[in-house]
Amino acid sequence: MTDADNRSRAISLYLLGGGKPYPEVDRAAVRRAFAPEEANRLIAYAAAVVAEMDTFEVDWSAHDLQSATRRYEEYVRTRHPELDASAVTALGRAYSFWWK
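Before going into details, it helps to say that this report is about the structure given with it.

The rules behind these values
- Residues numbered from 1 in each chain as written.
- Predicted model: local features only at pLDDT ≥ 70, side-chain atom pairs only at ≥ 80, totals over all residues.
- Heavy atoms only, no water.
- Helix = DSSP H or I, 4+ residues; strand = E, 2+ residues; numbered from the N terminus.
- Buried < 20%, exposed > 50% of the residue type's maximum accessible area, 1.4 Å probe, protein only.
- Core = buried A, V, L, I, M, F, W, Y, C linked by side-chain atoms within 4.5 Å.
- Axes fitted to C-alpha atoms, helices over the stretch in contact; angles between N-to-C directions.
- Parallel < 35°, antiparallel > 145°, perpendicular 65-115°, else oblique.
- Left-handed = near helix turned anticlockwise from the far one by under 90°.
- Contact = heavy atoms within 4.5 Å.
- Nonpolar A, V, L, I, M, F, W, Y, C, P; charged D, E, K, R; others polar.

Quick notes on the side chain of Asn6
So, step 1. Here Asn6 is to be found in helix H1 (residues 3-16).
So, step 2. Note on Asn6: relative accessible area 12%, which makes it buried.

So this is what it looks like as structure tokens:
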């Protein structure tokens, strides 16, 4: 696996690894999937990417939750081209759920 693959997998596990029907931060899922040192590095990476959600601005007078989520996913694709589609989807699900 490449580092980009690991980052994508870590994001998906970090947000959706708990097996719940909704996104929730799950550091343990990342720890189960990677060696300890790698898991710590990837958890820090995932936390930083997720924290960027707070800096993403949306004009709520021009967007509803669905269109804002699409814009956020586009932003993530631009800002983090190393992430695959499943990681971007996980981030989009979290964004949408947490704004709901």
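A word on the nonpolar core
So, step 1. In terms of nonpolar packing, the biggest core is built from 28 residues, with Ile11, Leu15, Val30, Leu83 and Leu91 touching the most fellow members.
So, step 2. Going through the elements one at a time, H1, helix H2 (27-33), helix H3 (36-51), helix H4 (65-79) and helix H5 (85-99) are the ones with two or more residues in this core.
So, step 3. When residues of this core are assigned to their parent elements, the largest contribution, 7 residues, is made by H3.

A look at the packing of H1 against H5
So, step 1. Relative to each other, H1 and H5 sit at 30°, their axes nearing to 8 Å. For the element pair H1 / H5, the angle class is roughly parallel. The interaxial crossing formed by H1 with H5 has left-handed handedness. Contacts between H1 and H5 involve Ser8, Ile11, Ser12, Leu15 and Leu16 on the former and, on the latter, Ser86, Ala87, Ala90, Leu91, Arg93, Ala94 and Trp98.
So, step 2. When grouped by side-chain class, the residues that make up the contact of H1 with H5 number 8 nonpolar, 3 polar and 1 charged.

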